[in-house]
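Residues per chain, in single letters:
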Amino acid sequence: MTHQQLRSDLTFTSLEDILADAEALDGGTIETAGDWTEAQILDHVTRVIHGSRTGFQFTVPWFLRLVGRMIKGRTVHSRMKSGFKIPRGATVFQPDPDIDWATALDALREEVRLSSPPGSMTKTSPLFGEMSHEDWLGLHCRHAEL
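This one's a predicted model, so the numbers in the text were calculated from it and none came from an experiment.

1. Focus on a nonpolar patch on the surface
On the surface, a nonpolar cluster with roughly 650 Å² of combined accessible area is contributed by W62, F63, L64, L66, V67 and M70. Summarising the element assignment, L64 is placed in helix 4 (residues 62-77).

2. Comments concerning the pattern of salt bridges
Within this structure, the stated rule accounts for 8 salt bridges. Salt-bridge contacts for E23 lead to R109; the nearest nitrogen and oxygen are separated by 2.8 Å. With E23 in helix 2 (residues 15-25) and R109 in helix 5 (residues 101-115), this residue pair connects regions lying 86 residues apart in the sequence. Across the salt bridge formed by R53 and E111, the nearest N and O atoms sit 2.7 Å from each other. In this pair, R53 is assigned in helix 3 (residues 38-54) and E111 in helix 5, connecting sequence segments 58 residues apart. When its relative accessible area of 5% is taken as the criterion, E111 is described as buried.

3. A few points about the side chain of Q40
The topology assignment puts Q40 in helix 3. With residues near it in sequence (within four places) discarded, Q40 still touches D35, P95, D96, P97 and I99.

Cut-offs applied
Residues numbered from 1 in each chain as written. Predicted model: local features only at pLDDT ≥ 70, side-chain atom pairs only at ≥ 80, totals over all residues. Heavy atoms only, no water. Patch = residues over 30% accessible without salt bridge, like charges linked within 9 Å, V, L, I, M, F, W, Y side chains within 5 Å. Areas by Shrake-Rupley, 256 points an atom, 1.4 Å probe, with all protein chains shown as cover. Salt bridge = Lys/Arg side-chain N within 4 Å of Asp/Glu carboxyl O. Helix = DSSP H or I, 4+ residues; strand = E, 2+ residues; numbered from the N terminus. Buried < 20%, exposed > 50% of the residue type's maximum accessible area, 1.4 Å probe, protein only. Contact = heavy atoms within 4.5 Å.

The following block contains the structure:
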């Protein structure tokens, strides 16, 4: 199976689906398509979920916020394309270069526990602006499918 086929096969509807998929991969051989290890990918996904619950300490330029607000609905509801580069100021999204799978999986478990109750993810997105819990859930599912 190619990496593109693997990506297109994933469909998540909840944080618990994301966690279940990660737990199913635990102990297996995982091929990644980019520069990050499987543990770094899991760490990155967890960091974005965490920010939707606790907030973000950076901003993006006004023109990116304008574009972000225009594409928010499509991004929340449609499959994402690979290749997005993390903005320079968003270092909080950069994964720990030394993280191992077990640590990343434990962190995801904890973040899913804290973020699953309705209304727990409502912080403003630096790119998309105001986000409801349901908006964040859709974004996290599309992000993890990638």
